[in-house]
Amino acid sequence: MPECDNPLWPCAMTGAAACLAGFDGMSVVIHGSSGCYYYPTTLLHAPLHGTFIMENEVIFGSEDRLREVISGLINTGNRIAVITTCVPAILGEDIRSMLAEYDVLLVDSPGFSGDVETGYHKALSLLAPQINAGADGVNIDGVCLLDPFYRGNVQEIRRLLGMASIPVATVFCRDTLQKTCAAATCTIGTNGDFSSSIGNYLGGTLGFGTLRATFEKLGTVFEESAIDPVLKELSKQEEETVRICDKFLRRFDPPSVVIFAGASYAEFAAQVLEHYLDADIRFIGLRNADSPSDYPSGLVTGLKEAETVIGTNNPDLVLGSSFERSVSGNRAFYGITPPLRGVVRLAPVPLAGINGTLFFMEQVLNACMDHSRLLS
């Protein structure tokens, strides 16, 4: 049987919950122990339901408990989704037969079936989104409740599309459930690790260069759009970024960097830091499946391994999660991937779009300057 071998990154069950809980009109039930309920709840900050099975249900079966929870949700008017966890999967219970009388979306996504992306994509495929050729605008995808930047990403890309007079169709996965059946024919992305594969993909929105290419393509597809205001703001803010980074480099050396994140955010961070700060990208520790990169990289699945990567490469700056922060010593640090414990996050800050790059560079520059002051 496969094992949960990536303790730094959530499991498939959490990914399925992150997908389904993003849709208004969906009630998500985690069928498993209390730990399997509280883990995604604390990460996703979304309303979830749990069966909280205990030793008695493990021995004598969980059908009564599961049916009790489902019965309590029937009259809410929401679609009900049940996500299986490791214990019922190992027990081999026929969950589908237990729920035969209910209209329930069953997602068999125990933790050992893969990482968060596996569960996310499986749940989305079971929802079976439909394209409506008559739907106006463009879909936004790559939105995942696990991502600490998802709210800011959605807000920023909506802002830019509004400037370009391009309507937003369906946001995968943060929208009403009904809109999954009315997706537009074209899609742009915010985080490639959670792409929906729905519609004709026109490009991403991470980094100025990628954003420019995507909006130029949008301008070709949507003939009545007005992309010039977006391109004008983009050029202006890129010039300001170059100016501020040049000012930084007159006072400080280019930073050496180690990055821990999913492939999409990691590549964005590496490219931006190298381009504007001449940063030395010493290593990318990937959270998810190993993917091609122009930088030294590899899959890092354990805290000891992350600590070794940091010690071996001895960077000035570490980007990652609370895990990496705990083993970074006195190095400059900025968090770009979950979990981000011990910090307050209220504002919907992005990584995507124009403001996403501005915010990222602002945080990195401040972290590096604060670190230099501490050492001086």
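Just so we're clear, the structure is a prediction, and the values are computed from it rather than from any experiment.

Asks: Could you give an account of the environment of Leu20, with specific residues and numbers?
Replies: Mapped onto the fold, Leu20 is located in helix α1 (residues 12-20). According to the relative accessible area criterion, Leu20 is buried, its value standing at 0%. Along the primary structure Leu20 and Cys144 are separated by 124 residues, whereas in three dimensions their C-alpha atoms are 9.6 Å apart.

Asks: Let's hear about the sheet that holds strand β12 (residues 280-286): which residues, and what values?
Replies: As summarised here, the arrangement of the five strands in space is β13-β12-β11-β14-β15, forming an open sheet in which the pairing is parallel. Either end of the sheet is taken by a strand with one partner, and the two such strands are β13 (297-299) and β15 (332-335). Each strand of the sheet is rotated relative to its neighbour by a mean of 15 degrees, with strand direction disregarded. In the sheet, strand β11 (residues 256-261) pairs with β12 via six bridges, with the strands oriented parallel. Pairing of Ala261 across the sheet is with Leu286, part of β12.

Asks: Residue-level account of helix α4 (residues 63-73), with values.
Replies: All of the buried residues in α4 are Leu66, Val69, Ile70 and Leu73. Taken down its axis, α4 places every buried residue within 95 degrees of arc, on the same side. Away from its buried face by more than 90 degrees, α4 exposes Asp64, Glu68 and Gly72. Against β2 (26-31), β3 (49-50), β4 (79-84), α6 (95-98) and β5 (104-107) lie the buried residues of α4.

Asks: Could you give an account of unusual backbone geometry, naming the residues involved and the relevant values?
Replies: At the junction of Phe172 and Cys173, the peptide bond is cis and its omega measures out at 5 degrees in the coordinates. Tracing the backbone through its elements, the reader meets Cys173 in the loop between β7 (168-171) and β8 (175-176). With an omega of 0 degrees, the peptide bond running from Pro338 to Pro339 counts as cis. In this structure, Pro339 sits in the loop between β15 and α14 (353-375). Despite not being glycine, Ala128 shows a phi value in the positive range, around 50 degrees. Its place among the elements puts Ala128 in the loop between α7 (116-127) and β6 (138-141). By relative accessible area, Ala128 is classed as partly exposed at 36%. Non-glycine residue Ser165 carries a positive phi angle of around 60 degrees. Structurally, Ser165 can be placed in the loop between α8 (150-163) and β7.

The rules behind each value
Residues numbered from 1 in each chain as written. Predicted model: local features only at pLDDT ≥ 70, side-chain atom pairs only at ≥ 80, totals over all residues. Heavy atoms only, no water. Helix = DSSP H or I, 4+ residues; strand = E, 2+ residues; numbered from the N terminus. Buried < 20%, exposed > 50% of the residue type's maximum accessible area, 1.4 Å probe, protein only. Pairing = 2+ DSSP bridges. Axes fitted to C-alpha atoms, helices over the stretch in contact; angles between N-to-C directions. Arc of directions from axis to C-beta. Contact = heavy atoms within 4.5 Å.

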